[in-house]
Amino acid sequence: MSSLKIETVRHSLAHVMAYALKSRFSDIQFGVGPSTDTGFYYDFKTTKKLPDDILEVIEEDMKEIINQGLKFVKYEIEIKEAIKLFRSLDQPYKVELLKDLEKYGTTNQNEINELKEAKKDNKGKVTTATLYILGKDVDVDNLKKQKNDIFIDLCKGPHVRNTNMLPTSFKLLNLSGAYFRGTEENDMLTRISGVSFLNDDELKDYLLLLKEAEERDHRKLGSKLDLFSNNENVGLGLILWHPNGAVIRNEIENFWKKEHVKRGYELIYTPHIANLKLWECSGHLGHYKESMYAPIMQDENETFQIKPMNCPFHIEIFKSQIRSYKDLPIRYAELGTVYRYEKSGQLHGLTRVRGFTQDDSHIFCAMENLEEEIIDVLKLAKFMLLSFGMKDYKVFLSTRPKDYIGEVKMWKQAEEILEKALKKTDTLYEVAKGDGAFYGPKIDISVKDFLGKYWQGPTIQLDFNLADRFDINYVNANNEKERVVMVHRTVLGSMERFMGCLIEKYKGAFPLWLAPKQVAILPISEGNVEYALKVKEELEEKDVRILLMDENETLGKKIRKAEMLKIPYVLVLGKKEEESHVVSVRERGVGDVGIFSVKDFLEKIDDEIKHKIIKE
């Protein structure tokens, strides 16, 4: 079993699951069932009601099938014959896939869309299809007669030869809905997803990881800690920041502003809508329209569009007066909220939303300043990530996409400059071919979450094209007009996504400087409340965020509540503490740390806040 490839195991298990489903539901119609990074899934449709314990039932059926030692038989067949076969089996989704294979040479929806846009097809180039049949005694000449005892799938493989080669270290986890081929215009199918590994220990470790990830889920913690919410009355994908969440966001924004001003950026503000002509000039209407909302209002002379980007506004500020080479580089920074259309099925808490705030900045400079500016931005991005304890990230050099504007020569020059900056800063990176923006190549930094998934964070985009489209110039040393070079960049990315990653990283237990409530004060009895109020006043004079827990409850209950709220420090105040004007301190994750005077305690937390200490 050790010689088996995990991808082959997972792909084979998807077919075993489909076989089990077919045995239970006679009218079942199958969509697609690939392997994934951690397991497999299969999409299907049936008119019969699924039992509540469907996952457990199918899981047991799969283990029985594995023990039966069924064979996987590969079968090459003419596409036209395959279409007839699947029609006779009442499998319309497989018929659709085969028709696309015949016409476009592929069943991959993205590749098909590209061929459709280019008005091309591959008709005639692919004439045969590969099928895999799972069963005990497969007779490829009599598949229709055997249809009740076998499972036939359109599939390239590979698979194991026999099901008894498969490990039983798998688990079915989810039952959900999924559009056929991921397109909203298609039928909604049912999806069963599972995870699979080569041995029980790996499966056990992953299930423990999933449990931990569930406890870190920023959506659950966001509700539990009263940080944010999202509801249909406001609109899905539009976030409401509650007071606790707003405190954290405000601390992040203040830190961000301070660091940018220190590095020569000027803070600006821009509107949420603009004349449609601005988006025509920028190229967004031609290259980004599917992610933009429709025009929202018009009068006799103007039609307006809600903004998906901040860059055209920054350009207009730059163009508001004549700029000299002595003024460059000019760096504008804005925490600008933008709105982009996302399909409802893709929305996810804070990490996939429709309205979000970017820590957006644009640098206008001369070509000779460009490399130095890119290096400085890279250093700032790394500094910001490390300041929040985000040490695990990947860097990508994203190159020219198919849908690009401008000249190839300029693109190559821009990519070379970015690559040079990466090398000069000793940054390890991968090339993401074709992943650049339509107006220029970029450096993308993706931050790893607890489950190993990477989320888009900082990005540095080099742009020679918008300068041309908006005719952005400066006066050089020879008193002549010269074209400006633009750099688009964020060093955190979307504030919403960044916050989601932070919540999950810290499991809601934020570092002291970020915590919504930094200190909880717990008077032991009603007689100690007056002293607690005095301590609260002393701490609040130093801008410490306090939660006074003066409810008529036991001390143990108050401590548990403070721990549930993940407050970094708890001060217990009783008769002895009041008489000595001291506080008994408990630290989150540590417990009792001793008796402090209020002054000494303030010095302790002031150092922790000032230096933004992160206790892992």
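What counts and how
Residues numbered from 1 in each chain as written. Predicted model: local features only at pLDDT ≥ 70, side-chain atom pairs only at ≥ 80, totals over all residues. Heavy atoms only, no water. Helix = DSSP H or I, 4+ residues; strand = E, 2+ residues; numbered from the N terminus. Buried < 20%, exposed > 50% of the residue type's maximum accessible area, 1.4 Å probe, protein only. Areas by Shrake-Rupley, 256 points an atom, 1.4 Å probe, with all protein chains shown as cover. Lys, Arg positive; Asp, Glu negative; His and termini not counted. Charge placed at Lys NZ, Arg CZ, Asp CG, Glu CD. Pairing = 2+ DSSP bridges. Contact = heavy atoms within 4.5 Å. Axes fitted to C-alpha atoms, helices over the stretch in contact; angles between N-to-C directions. 1 Å grid on protein atoms, 1.4 Å probe; cavity = no way out; pocket = protein on both sides within 12 Å on 5 of 7 lines; lining within 4 Å. Points joined across faces, edges and corners; volume = space filled by probe spheres on them. Nonpolar A, V, L, I, M, F, W, Y, C, P; charged D, E, K, R; others polar. Phe/Tyr/Trp six-rings, centres within 6.5 Å; stacked < 30°, edge-to-face > 60°. Polar contact = N/O pair within 3.5 Å; in protein donor to acceptor, adjacent residues only side chain to side chain. Parallel < 35°, antiparallel > 145°, perpendicular 65-115°, else oblique. Left-handed = near helix turned anticlockwise from the far one by under 90°. Expected span 1.5 Å × (residues − 1). Arc of directions from axis to C-beta.

**Q** Hey, could you run me through the overall build of the chain in this one?
**A** Scanning the chain from N- to C-terminus turns up 19 helices and 27 strands. Evaluated residue by residue, the chain yields a buried proportion of 51% over its 616 residues. Total accessible area computed for the chain in this model is approximately 30900 Å², and 47% of it derives from carbon and sulfur atoms. The averaged location of the 100 negative side-chain charges in the chain is 3 Å from the averaged location of its 93 positive side-chain charges.

**Q** Looking at this model, I keep getting lost on the pairing of strand β7 (residues 188-196). Mind explaining?
**A** Each regular strand carries side chains that alternate between the two faces of the sheet. The pairing of strand β2 (residues 39-45) with β7 spans six bridges and is classified as antiparallel. Counterpart to D43 in the pairing with β7 is R191. In the sheet, strand β6 (residues 170-179) pairs with β7 via nine bridges, with the strands oriented antiparallel. Note on β7: the bridge partner recorded for N174 is S193.

**Q** So what exactly am I meant to see when it comes to the sheet that holds strand β22 (residues 485-494) here?
**A** Within a sheet, adjacent strands bond to each other through the backbone by hydrogen bonds, running parallel or antiparallel. With mixed pairing, the eight strands of this open sheet are ordered in space as β10-β14-β15-β22-β19-β18-β16-β17. With one partner strand each, in any of the chains shown, β10 (266-267) and β17 (430-432) form the two edges of the open sheet. By the bridge criterion, seven bridges tie strand β15 (residues 355-365) to β22 in an arrangement that is antiparallel. Looking at the pairing, I363 lines up with V487 of β22. Sheet strands touched by helix α13 (residues 408-424): β16 (393-398), β18 (442-448) and β19 (454-463). Its angle to β16, the strand with the most contacts, is close to 155°.

**Q** Before we go on, may I ask you to explain the layout of surface pockets in this structure?
**A** If a probe as big as a water molecule is rolled over the atoms, it shows which places are left empty. Of the pockets and cavities examined, the second largest pocket occupies roughly 1500 Å³. Taken together, 35 residues line the second largest pocket, and the ones lying closest to its centre are Y206, L210, H348, L451 and K453. At six residues, the largest contribution of residues to the lining of the second largest pocket is made by helix α6 (residues 200-216). Across the lining of the second largest pocket, the residue classes tally to 13 nonpolar, 11 polar and 11 charged.

**Q** Looking at this model, I keep getting lost on the sheet that holds strand β5 (residues 151-154). Mind explaining?
**A** In space, the three strands of this open sheet follow the order β3-β4-β5, with antiparallel pairing throughout. Lying at the two open borders of the sheet, with one neighbouring strand each, are β3 (71-78) and β5. Geometrically, the sheet is characterised by an average inter-axis angle of 25° between neighbouring strands, direction not taken into account. Alignment of strand β4 (residues 128-135) against β5, held across four bridges, turns out to be antiparallel. Of the residues in β5, the one forming a bridge with L131 is L154. Set on the sheet, helix α3 (residues 79-88) makes contact with β3, β4 and β5; between it and β3 the angle comes to about 120°. Against the sheet, helix α4 (residues 92-104) touches β4 and β5, its axis set at about 35° to β5.

**Q** Could you clarify how one ought to interpret empty space enclosed by the protein in this entry?
**A** Enumeration according to the criterion identifies one cavity of 30 Å³ or more in this entry. By volume, the largest cavity amounts to about 60 Å³. Lining the largest cavity are L385, M390, V447, W455, Q456, G457, P458, L492, S494, R497, F498 and C501. Mapped by element, the contributors of at least two residues to the lining of the largest cavity are β19, β22 and α15 (495-506). Looking at which element gives the most residues to the lining of the largest cavity, the answer is β19, with four residues.

**Q** I keep staring at the packing of aromatic side chains and nothing clicks. Help me out?
**A** For any two aromatic rings, the description comes down to two numbers: the centre-to-centre distance and the angle of the planes. Summed over all chains, the structure comprises 17 aromatic pairs. Seen in terms of ring centroids, F30 and F151 are 5.1 Å apart; in terms of plane orientation they differ by 75°. Their pairing is edge-to-face. Taken together, the positions of F30 in strand β1 (residues 29-30) and F151 in strand β5 put the pair 121 residues apart, joining distant regions of the chain. Here F30 and F151 have matching classes, each one buried.

**Q** Sorry if this is basic, but what is going on with the side chain of T357 here?
**A** By secondary structure assignment, the location of T357 is in strand β15. A distance of 2.9 Å separates polar atoms of two side chains, one belonging to T357 and the other to R249. Discounting chain neighbours no more than four positions away, the residues touching T357 are R249, L335, G336, T337, G493, S494, M495 and E496.

**Q** Can you walk me through the packing of helix α8 (residues 243-262) against helix α12 (residues 370-387) in this structure?
**A** Describing two packed helices takes the angle between their axes plus the distance from one axis to the other. One can describe the packing of α8 onto α12 by two numbers: an axis separation of 12 Å at closest approach and a directional angle of 150°. With respect to α12, the element α8 is oriented roughly antiparallel. Two packed elements cross with a definite hand, and for α8 against α12 that hand is right-handed. Taken together, the residues of α12 that come into contact with α8 (itself represented by F255, W256, E259 and H260) are L380, F383, M384 and S387. Of the residues assigned to the contact of α8 with α12, the class counts are five nonpolar, two polar and one charged.

**Q** How do you make sense of helix α1 (residues 6-24) when you look at a structure like this?
**A** Along an α-helix, residues three or four apart share an orientation, since each turn contains 3.6 residues. For α1, with 19 residues, the first-to-last C-alpha span of 27 Å sits near the 27 Å given by 1.5 Å per residue. When you tally the buried positions in α1, you get 15 out of 19 residues, the bulk of the element.

**Q** Help me out: how do you make sense of helix α19 (residues 598-610) in this one?
**A** Taking 1.5 Å of rise per residue, the 13 residues of α19 would be expected to cover 18 Å, and the 18 Å separating its terminal C-alpha atoms lies within 8% of that figure. Those residues of α19 lying buried are V598, F601, L602, I605 and E608. Along the long axis of α19, the arc covered by the buried residues comes to 130°, so they all point the same way. Residues of α19 that are exposed and point more than 90 degrees away from the buried face comprise K599 and K610. Where α19 is buried, its residues meet β23 (519-523), α16 (529-540), β25 (569-573), β26 (582-587) and β27 (591-597).

**Q** What exactly am I supposed to notice about unusual backbone geometry here?
**A** Most peptide bonds adopt trans geometry, and most residues besides glycine take a negative phi value. Residue P158 follows G157 across a cis peptide bond; omega there is 0°. Topologically, P158 is positioned in the loop between β5 and β6. Unusually for a residue other than glycine, N479 sits at a positive phi of about 60°. If you trace the backbone, N479 turns up in the loop between β20 (473-475) and β21 (481-483). Given a relative accessible area of 65%, N479 falls into the exposed group. In this structure, D543 is a non-glycine residue whose phi angle is positive, near 65°. Take D543: it is sitting in the loop between α16 and β24 (546-548). Owing to a relative accessible area of 64%, D543 belongs among the exposed residues under this scheme.

In short, the description is geometric, and any link to function would need to be established separately.
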